[in-house]
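# A look at the structure
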Amino acid sequence: MAVTVLDDKTALVLIDLQAGTLAAPTVPYPAADVVARAAELADAFRAAGAPVVLVRMSTSPDGADAVPGRSEAARLAGGRSRPYDLGPIAEPLTGHESDILVTKRAWGAFHATDLDLQLRRRGVTQIVLAGIATSLGVESTARAAHEHGYHVTFAVDAMTDIDEDAHHHRVSYLFPLIGEPGTTREILDLLAGVRA
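Here the structure is a predicted model, which is why all the values come from computation and not from measurement.

### With respect to the packing of helix α5 (residues 134-147) against helix α6 (residues 164-178)
Interhelical geometry of α5 versus α6 gives an angle of 5° and a closest axis separation of 11 Å. When the interaxial angle is binned, α5 and α6 end up roughly parallel. Across from T134, S135, V138, E139, A142, R143 and H146 in α5, the residues of α6 making contact are A166, H167, R170, V171, L174, F175 and I178. Its residues placed into classes, the contact of α5 with α6 shows seven nonpolar, four polar and three charged.

### Observations concerning the sheet that holds strand β2 (residues 52-57)
Pairing is parallel in the open sheet, where six strands are placed in the order β3-β2-β1-β4-β5-β6. On the outer flanks of this sheet lie β3 (100-104) and β6 (180-182), each paired with one strand and no other. The average undirected angle you get between the axes of adjacent strands in this sheet is 25°. Both strand β5 (residues 151-160) and β6 contribute to a ladder of three bridges, which runs parallel. Across the sheet, residue A155 finds its bridge partner in β6, namely G182. Its contacts with the sheet place helix α2 (residues 31-47) against β1 (10-15), β2, β4 (126-132) and β5, and it is angled at close to 140° to β5. Each of β5 and β6 is contacted by α6, which is oriented at about 170° to β5, the strand it contacts most.

### Here we look at the pairing of β3
Alternating residues of β3 divide into I100, V102 and K104, all buried, and L101 and T103, none buried. One ladder, built from five bridges, connects β2 with β3; its direction is parallel. Looking at β3, one finds that M57 is bridged to K104.

### Some words on the packing of aromatic side chains
Counted under the stated rule, the structure contains two aromatic pairs. With a centroid separation of 5.9 Å and 35° between ring planes, the pair formed by F110 and Y150 is classed as tilted. Of this pair, F110 sits in the loop between β3 and α4 (115-121) while Y150 is found in the loop between α5 and β5, placing the two residues 40 residues apart along the sequence. When the centroid spacing of 3.9 Å and the interplanar angle of 0° are considered together, the rings of F154 and F175 count as stacked. One end of the pair, F154, is in strand β5; the other, F175, is in helix α6, and 21 residues separate them in sequence.

### Remarks on the pairing of β1
Burial analysis of β1 places six of its six residues in the buried class, the great majority of the element. As judged from the six bridges shared by β1 and β4, these two strands associate in the parallel manner. Bridge pairing in β4 links L14 to A130. One ladder, built from four bridges, connects β1 with β2; its direction is parallel.

### A look at α5
In this model α5 runs 18 Å from its N-terminal to its C-terminal C-alpha over 14 residues, within 8% of the 20 Å that 1.5 Å per residue would give. For α5, the complete set of buried residues consists of T134, S135, G137, V138, E139, T141, A142, A144 and A145. Contact partners of the buried residues in α5: β1, β4, β5 and α6. Looking one or two places after α5, you find G149, whose phi comes out positive at around 95°.

### What to know about α2
For α2, spanning 17 residues, the distance from its first C-alpha to its last is 24 Å, which sits close to the expected 24 Å at 1.5 Å a residue. Those residues of α2 that sit buried are A31, V34, V35, A38, A39, L41, A42, F45 and R46. What you see down the axis of α2 is that its buried residues fit within an arc of 170°, all on one side. α2 presents A32 and A47 as exposed residues on the side facing more than 90 degrees away from its buried surface. G49 sits one or two residues past α2 and shows a positive phi near 75°.

How each quantity is defined
Residues numbered from 1 in each chain as written. Predicted model: local features only at pLDDT ≥ 70, side-chain atom pairs only at ≥ 80, totals over all residues. Heavy atoms only, no water. Axes fitted to C-alpha atoms, helices over the stretch in contact; angles between N-to-C directions. Helix = DSSP H or I, 4+ residues; strand = E, 2+ residues; numbered from the N terminus. Parallel < 35°, antiparallel > 145°, perpendicular 65-115°, else oblique. Contact = heavy atoms within 4.5 Å. Nonpolar A, V, L, I, M, F, W, Y, C, P; charged D, E, K, R; others polar. Pairing = 2+ DSSP bridges. Buried < 20%, exposed > 50% of the residue type's maximum accessible area, 1.4 Å probe, protein only. Phe/Tyr/Trp six-rings, centres within 6.5 Å; stacked < 30°, edge-to-face > 60°. Expected span 1.5 Å × (residues − 1). Arc of directions from axis to C-beta.

Here it is in structure tokens:
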């Protein structure tokens, strides 16, 4: 597991680092550690003049734009779409005017958002992914990024899950099929080399 290269036009995409996900018990990394590593990555990307994308999950108050569909979870919730908002983005990541804010209504950050447009307008060819949860928002976004033709890099110690087996399966099996998993340190070192 190693990251080999960062393109000249690489963006950092941070998934669902919001109050609602940060309150959940996460493994293998505590949410606070994930936020700290994500903030370190974001600061380095901003300093290098590279885009930082903050992705948040939120639906309209009436839930009308929530993802429909029959599922066990929906059935247990009464069979109806409900409003869903994970709350504010973690404070260490906010307050930077140059950041791109994307609001999604589904697990993945590409479906029915302007993420692809925002990246392509900036000439981005590669994304570095981090966030919560590895097996939901991060995975869904990674699959779509791969299908959209982006090179995908995973900051595996800047993501976590509510299920440790799910996290490890994605990191060790799925993510190497669609991108390059690596550590925050490896990515920061490559970023410094790319921008030097």
